[in-house]
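The residues making up each chain are set out below.
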Amino acid sequence: MTDRAYDRSRLKTLLHYVIWEAGSHANFGATKLYKVAWFADARRFVLTGKSITGAPYIRQEHGPIPRDGMMVRADLEAEGSIRQWRDKVYDHEGWKFKALRPPKVGVFGDDEKALIDYWIGHVDKDHTASSISELSHNYGWEIARMGERIPFNSILAERIRDPNDEEMEWAKKVLKRTRLL
């Protein structure tokens, strides 16, 4: 599958929209912002072959982030669309956000916007920054080197689980029947 070409303006609109919808909520910072973007982009790619932004995501300590995420946030702040600052969050400093004007979400189709809205709600309401980071730390993320690009289809990569009792019994029967055990 060939993804859409990277469109920085779509990434900018996506981050602006997420900040507009949830940025000022308690415990919503850069980790959650980037998780919404990652899961919306990656799930869209897996479902349709085209991500929302085409943005490259790279491995960082807390999971995949858009390679240009910090620069896009700086652009949004410079143009007066958002305000961002560092503040104490639990036992460390984290990013806080406030949208200063509404984003122009007309660039997204209805299905794209619905997917973004789902991930905003899910990440904001159902997760802490730590729990959503664990969800994004799948096998695809683990095998990438720090700073390396992570393909969207890596969200499908999982480790093979141990077989359950029924599967183990089946395997033993096959091994006996084929005289490998």
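Preceding block: the structure.
Fair warning: this is a prediction, and the values are worked out from it, not measured in the lab.

## Quick word on the layout of surface pockets
Thought 1: Within this model, the second largest pocket holds a volume of roughly 180 Å³.
Thought 2: Forming the boundary of the second largest pocket are K12, T13, H16, L76, E79, S81, R101, P102, P103, K104 and V107.
Thought 3: Ranked by residue count, the leading element in the lining of the second largest pocket is helix α1 (residues 8-23), at three residues.
Thought 4: Tallied by class, the residues present in the lining of the second largest pocket amount to four nonpolar, three polar and four charged.

## A closer look at the nonpolar core
Thought 1: Core analysis: the largest hydrophobic core is formed by 37 residues, its most contacted members being L15, V18, L33, W38 and I116.
Thought 2: Where this core is concerned, the elements lending two or more residues are α1, α2 (30-48), α3 (69-78), β4 (92-99) and α4 (110-126).
Thought 3: If sequence neighbours within four positions are ignored, I116 has contacts with L14, Y17, V18, V36, A40, I52 and F108.

## Comments concerning α2
Thought 1: If you check α2, its first and last C-alpha atoms are 27 Å apart, about what 19 residues at 1.5 Å a residue would give, namely 27 Å.
Thought 2: Among the 19 residues that make up α2, 14 are buried, leaving the element largely enclosed by the rest of the structure.
Thought 3: Following α2 by one or two positions, G49 has its phi on the positive side, about 85°.

## Looking at the pattern of salt bridges
Thought 1: In total, this model carries eight salt bridges according to the counting rule given.
Thought 2: In this structure, the salt-bridge partner of R8 is D75, at a minimum N-O distance of 2.8 Å. Separated by 67 residues along the polypeptide, R8 in helix α1 and D75 in helix α3 bring together distant segments of the chain.
Thought 3: Judged by relative accessible area, R8 falls into the partly exposed class, the value being 32%.
Thought 4: Taking the shortest distance from any N to any O, the salt bridge between E112 and R10 comes out at 2.7 Å. A residue pair is termed long-range when its members are at least 10 positions apart, and E112 in helix α4 and R10 in helix α1 qualify at 102 residues. Summarising the burial analysis for this pair, E112 and R10 share the class buried.
Thought 5: Via salt bridges that share partners, R4, R10 and E112 belong to a single interconnected network.

## Focus: the packing of aromatic side chains
Thought 1: For the coordinates displayed, the defined rule picks out six aromatic pairs.
Thought 2: Note on W38 and F152: the rings are 5.8 Å apart at their centroids and 35° apart in plane angle, and the pair reads as tilted. Linking W38 in helix α2 with F152 in the loop between α6 (139-143) and α7 (165-177), this pair joins segments that are 114 residues apart in sequence.
Thought 3: Given a relative accessible area of 2%, W38 falls into the buried group.
Thought 4: One aromatic cluster is present, built from ring pairs that chain together W38, F45, Y57 and F152.

## Notes on the packing of α1 against α2
For any two helices packed against each other, the geometry comes down to the angle between their axes and how far apart the axes lie.
Thought 1: α2 packs onto α1 with a crossing angle of 125° between their chain directions and a minimal axis gap of 10 Å. Between α1 and α2, the angle is such that the two are oblique. The handedness of the crossing between α1 and α2 is right-handed. Contact residues: α1 offers L14, L15, V18 and I19, while α2 offers L33, Y34, V36 and A37.

Each value, and the rule that gives it
- Residue indices follow the written sequence of each chain, beginning from 1 at its first position.
- A pLDDT threshold of at least 70 governs which residues receive local features in this predicted model, and a stricter bar of 80 or more applies before side-chain atom pairs are shown or counted, although totals over entire chains, interfaces and linings include all residues.
- Side-chain figures throughout are based on the complete set of non-hydrogen atoms in the structure, without hydrogens or water.
- Both site types are read off a 1 Å grid over the protein atoms alone. A 1.4 Å probe that fits but cannot get out defines a cavity, while an open set with protein on both sides within 12 Å along at least five of seven lines defines a pocket; lining residues have an atom within 4 Å of a point.
- Grid points are joined across faces, edges and corners, and a volume is the space filled by probe spheres set on the points.
- Note on conventions: DSSP H or I runs of at least 4 residues are helices, E runs of at least 2 residues are strands, and numbering of each starts at the N terminus.
- Amino acid classes used here: Ala, Val, Leu, Ile, Met, Phe, Trp, Tyr, Cys and Pro are nonpolar; Asp, Glu, Lys and Arg are charged; the rest, including Gly, are polar.
- For the purposes of this section, nonpolar cores are sets of buried Ala, Val, Leu, Ile, Met, Phe, Trp, Tyr and Cys residues that join through side-chain atoms within 4.5 Å.
- Relative accessibility thresholds used throughout: buried, under 20% of the residue-type maximum; exposed, over 50%; partly exposed, between the two (1.4 Å probe, protein chains only).
- What makes two residues a contact is simply this: any of their non-hydrogen atoms within 4.5 Å.
- Helix span, expected: 1.5 Å multiplied by one less than the number of residues in the helix.
- In what follows, salt bridge is the name for a side-chain nitrogen of Lys or Arg lying within 4 Å of a carboxyl oxygen of Asp or Glu.
- Only the six-membered ring of Trp is used, alongside the rings of Phe and Tyr, when aromatic pairs are assigned; centres must lie within 6.5 Å, and planes under 30 degrees apart are stacked while those over 60 apart are edge-to-face, with the rest tilted.
- Every axis corresponds to a line fitted to the C-alpha atoms, with the helix fit spanning only the stretch in contact, and the corresponding angles, defined between N-to-C directions, vary from 0 to 180 degrees.
- The cut-offs work like this: below 35 degrees is roughly parallel, past 145 is roughly antiparallel, 65 to 115 is roughly perpendicular, and the gaps in between are oblique.
- When the near helix sits turned anticlockwise from the far one by under a right angle, the crossing is termed left-handed; a clockwise turn instead gives a right-handed crossing.

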